[in-house]
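# Understanding the architecture of this molecule
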Amino acid sequence: MDSKTVGILGGGQLGLMLVEAANRLNVKTVILDAEGAPAKRINASEAHINGSFKDAEGVSKLASKADVLTIEIEHVNTEILSDLQKKNDKIAIHPSPETIKIIQDKYTQKEYLIENNVAVAESIAVENTIDGIKNAGSILGYPFLLKARNNAYDGRGNFVVKSEASVVEAQAALGANTALYGEKFVPFVKELAVMVVKDIKGDVYAYPTVETIHTDNICHIVYAPARVPDSTQLRASLLAQDAVKCFPKGAGIFGVEMFLLNDGQLLVNEIAPRPHNSGHYTIDACVTSQFEALIRAVTGLPLPKGFSSFSTPSTNAIMLNVLGADEPDGELEYCKRALETPGASVYLYGKSSRPKRKVGHINIVGSSLDECQRRLDYILGKSLSLED
Ligand code: ATP
Ligand code: MG
Ligand code: MG
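Notes on the structure follow. (Residues numbered from 1 in each chain as written. Chains lettered and ligands numbered in written order. Predicted model: local features only at pLDDT ≥ 70, side-chain atom pairs only at ≥ 80, totals over all residues. Heavy atoms only, no water.)

### Description of the overall build of the chain
How we decide: The secondary structure listing takes helices from DSSP runs of H or I that are at least 4 residues long and strands from runs of E that are at least 2 residues long, numbered from the N terminus. In this description the radius of gyration comes from C-alpha coordinates, and the expected globular size is given by 2.2 Å times residues to the power 0.38. Relative accessible area decides the class of each residue, using a 1.4 Å probe on protein chains only: under 20% of the type maximum gives buried, over 50% gives exposed, and in between gives partly exposed. Computed with a 1.4 Å probe, the accessible areas rest on the Shrake-Rupley method; for each residue, only the protein chains presented here act as cover. Neither His nor the chain termini are counted; the positive set is Lys and Arg, and the negative set is Asp and Glu. Taken as the charge location is NZ of Lys, CZ of Arg, CG of Asp or CD of Glu.
Along the backbone of the chain there are 13 helices and 18 strands. Since a compact globule built from 388 residues should have a radius of gyration of about 21 Å, the 21 Å found for the chain is in line with a globular shape. Each of the three principal axes of the chain carries a C-alpha extent, and together these read 60 × 55 × 45 Å. Taking all 388 residues of the chain together, 57% fall into the buried category. Surface exposure of the chain reaches about 16800 Å², of which carbon and sulfur atoms provide 50%. The positive charge centre, built from 40 side chains, and the negative charge centre, built from 47, are 3 Å apart in the chain.

### A closer look at the coordination of the magnesium ion (ligand 2)
Note the cut-off: Donor atoms are limited to N, O and S found within 2.8 Å of the metal ion, a distance that becomes 3.2 Å for Na, K and Ca. With water left out, some sites might look partial.
Donor atoms from the polypeptide that bind the magnesium ion (ligand 2) are E270 (OE) and E270 (OE), placed at 2.3 to 2.4 Å. Separation of the magnesium ion (ligand 2) from the magnesium ion (ligand 3) amounts to 3.8 Å, with E270 serving as a shared donor to the pair.

### With respect to the side chain of R375
Cut-off, in case you're wondering: In protein, a polar contact means a hydrogen-donor-capable atom and an acceptor-capable atom, both N or O and within 3.5 Å, with residues adjacent in sequence counting only if both atoms are side-chain atoms; elsewhere, any N or O pair within 3.5 Å suffices.
Among the structural elements, R375 can be located in helix α13 (residues 369-379). Of the residues examined, R375 reaches a relative accessible area of 14% and is grouped as buried. Polar side-chain contacts of R375 include one of 2.7 Å to the backbone oxygen of V365.

### Here we look at the packing of aromatic side chains
Cut-off, in case you're wondering: Pairing of aromatic rings covers Phe, Tyr and Trp, the last through its six-membered ring, and needs centres within 6.5 Å; plane angles under 30 degrees mean stacked, over 60 mean edge-to-face, and all others mean tilted. Criterion for a charge above a ring: Arg CZ or Lys NZ at most 6 Å from the ring centre, at most 35 degrees from the ring normal.
According to the stated counting rule, one finds four aromatic pairs in the structure shown. Here R227 stacks its cationic end above the ring of Y223, 3.6 Å away from the centre of that ring. A cation over an aromatic ring shows up here: R337 above the ring of Y378, its NZ or CZ 4.3 Å from the ring centre.

### So, the coordination of the magnesium ion (ligand 3)
Coordination of the magnesium ion (ligand 3) by the protein involves E257 (OE), E257 (OE) and E270 (OE), with metal-donor separations of 2.0 to 2.8 Å. Using a relative accessible area of 14% as the deciding quantity, one classes E257 as buried.

### Considering the site of ligand 1
The line we're drawing: Residues are counted as near a molecule or strand when any one of their heavy atoms sits within 4 Å of it. Classification convention: Asp, Glu, Lys, Arg as charged; Ala, Val, Leu, Ile, Met, Phe, Trp, Tyr, Cys, Pro as nonpolar; all other residues, Gly among them, as polar.
Taken together, 20 residues are adjacent to ligand 1, and K147, D154, G155, E191 and N217 come closest. Residue K147 places a side-chain N or O atom 2.7 Å away from an oxygen atom belonging to ligand 1. Between ligand 1 and E270 there is a distance of 2.8 Å, counted from an oxygen atom to a side-chain nitrogen or oxygen. Notes on ligand 1: free accessible area 620 Å², of which the protein chains cover 92%. Those elements that place two or more of their residues in the shell around ligand 1 are β7 (144-148), β9 (180-184), β14 (252-260) and β15 (266-272). Grouping the amino acids of the shell around ligand 1 by side-chain chemistry returns seven nonpolar, five polar and eight charged.

### Quick notes on the pattern of salt bridges
Close approach of charged atoms allows side chains with opposite charge to pair. This is how it is decided: The term salt bridge refers to a pairing of a side-chain nitrogen on Lys or Arg with a carboxyl oxygen on Asp or Glu at a separation within 4 Å.
Applying the stated criterion across every chain yields a total of 19 salt bridges. Two residues, E292 and R24, come together in a salt bridge whose shortest N-O distance is 3.4 Å. Remark: R24 occurs in helix α1 (residues 13-24) and E292 occurs in helix α11 (residues 290-299); sequence separation between them is 268 residues. D154 is the partner of K358 in a salt bridge, and the nearest nitrogen-oxygen pair spans 2.9 Å. Residue K358 is located in strand β18 (residues 358-365), and its partner D154 is located in the loop between β7 and β8 (158-161); the two are separated by 204 residues in the primary sequence. On the accessibility criterion, K358 (15% relative accessible area) is buried. Residues joined in a network through salt bridges with shared partners are R24, E292 and R296.

### With respect to the sheet that holds strand β2 (residues 28-33)
Selection rule: Only when DSSP finds a minimum of two bridges between them are two strands counted as paired.
The strand order β3-β2-β1-β4-β5 describes an open sheet built from five strands, whose pairing is parallel. The open sheet has two edge strands with one neighbour each: β3 (49-50) and β5 (92-93). Relative to β2, strand β1 (residues 5-9) runs parallel, the two sharing five bridges. Note on β2: the bridge partner recorded for V6 is T29.

### Quick notes on the sheet that holds β7
Quick note on the threshold: Axis definition: a line fitted to C-alpha atoms, limited for helices to the stretch in contact. Angles are taken between N-to-C directions and run from 0 to 180 degrees.
Within the open sheet, the four strands sit side by side as β6-β9-β7-β8. Their pairing is antiparallel. Either end of the sheet is taken by a strand with one partner, and the two such strands are β6 (123-126) and β8. Geometrically, the sheet is characterised by an average inter-axis angle of 25 degrees between neighbouring strands, direction not taken into account. Bridge count for β7 against β8 is four bridges, and the pairing is antiparallel.

### Here we look at the packing of helix α3 (residues 56-64) against helix α4 (residues 78-87)
Let me state the cut-off plainly: These descriptions rest on fixed angle ranges, namely under 35 degrees for roughly parallel, over 145 for roughly antiparallel, 65 to 115 for roughly perpendicular, and the rest for oblique. Left-handed describes a crossing whose near helix is turned anticlockwise from the far helix through less than a right angle; right-handed describes the clockwise counterpart. We call two residues contacting when some pair of their heavy atoms lies within 4.5 Å.
Direction vectors running N to C along α3 and α4 enclose 40 degrees, while the axes themselves pass 10 Å from each other. Accordingly, the angle class assigned to the pair α3 and α4 is oblique. Our pair here, α3 against α4, has a crossing hand that is right-handed. Contacts between α3 and α4 involve A56, V59 and A63 on the former and, on the latter, I80, L81 and L84. Considering only residue class, the contact of α3 with α4 consists of six nonpolar, no polar and no charged.

Next comes the structure, spelled out in structure tokens:
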């Protein structure tokens, strides 16, 4: 379909699913990550590179074997990517190193969104000292969110500072050398997310608005579409598209996380410049998955035309993350029940199980969200029957 080879920085589960999507289109992929990374296991290729996606040598080797570079994780070294772009105009890098740099520092991202009139929670830079954190508390009020600016995921790097008495604990939890920022606590009623694809020309395409349920800060369940009025779904979609449009040019897929407040207001929480957990449902519920959409966007292949390009009238899906259980492989019970469940498909990433680690996900589709919910309840062992 396309003679370009896509080099992927990172070979975790997102890379794995990207490789699968690329394979279907005969698009070649090369992975840069540690030996045995999940994405390398499903794509036997001599070309894969063992090394770190933060390391100049690995990135330049990857570039020598690819026409296009993309990422499955934002915690890459953007200086290396910018240098590479300057030295080698044959390689395309999507999303642009400039966009990744803005997004990977969550406070820089917030400032950028504010400059571009995208609604976000009030945020301030915080000096990493006891007085600095107390000062943030007096500006933002308690409780507030103290967050690491870099390398955060699954809530690791977030601390809810309940009162001045918990400031010492907050600093110890996040580390005395970590760059920090503070965010006003948002009393949201729901969390919504939209996957937005941007093509090389800068046109954007949105997937349906979904609802994400987090447990212990980890995305646990996704409802597609979100259980909110159509008008709220539409406003969330437009906000997400506006947010993605304001970043420098360069193709990619972006997971836009949002908060819905009691009064209907929407705020962007954060943006991921790559495939996103809230978009895994697209593999089974949409004709074109988020992974295929990214491959098409970065190689310049066509994307479906029209505003609702990725929705299908029958998009009714629930995604359940398979999180490592406390007892070894305990989470496989859910997977076995899913195999008995009509409309459910199981994805395991080949990762070793540790408590709360994302080791797989289950997609459930049905003719209505109620039907999906019955199937979910069966998988979770909350119901013994799949009937009404
Ligand atoms: P991810 O795995 O999505 O990258 P992360 O580590 O970057 O997560 P955030 O998205 O900043 O973390 O926060 C994780 C969760 O914590 C959010 O989905 C939300 O449930 C809660 N949260 C974050 N910021 C706030 C806030 N300002 N007010 C209230 N809750 C918040
Ligand atoms: Mg994040
Ligand atoms: Mg998040």
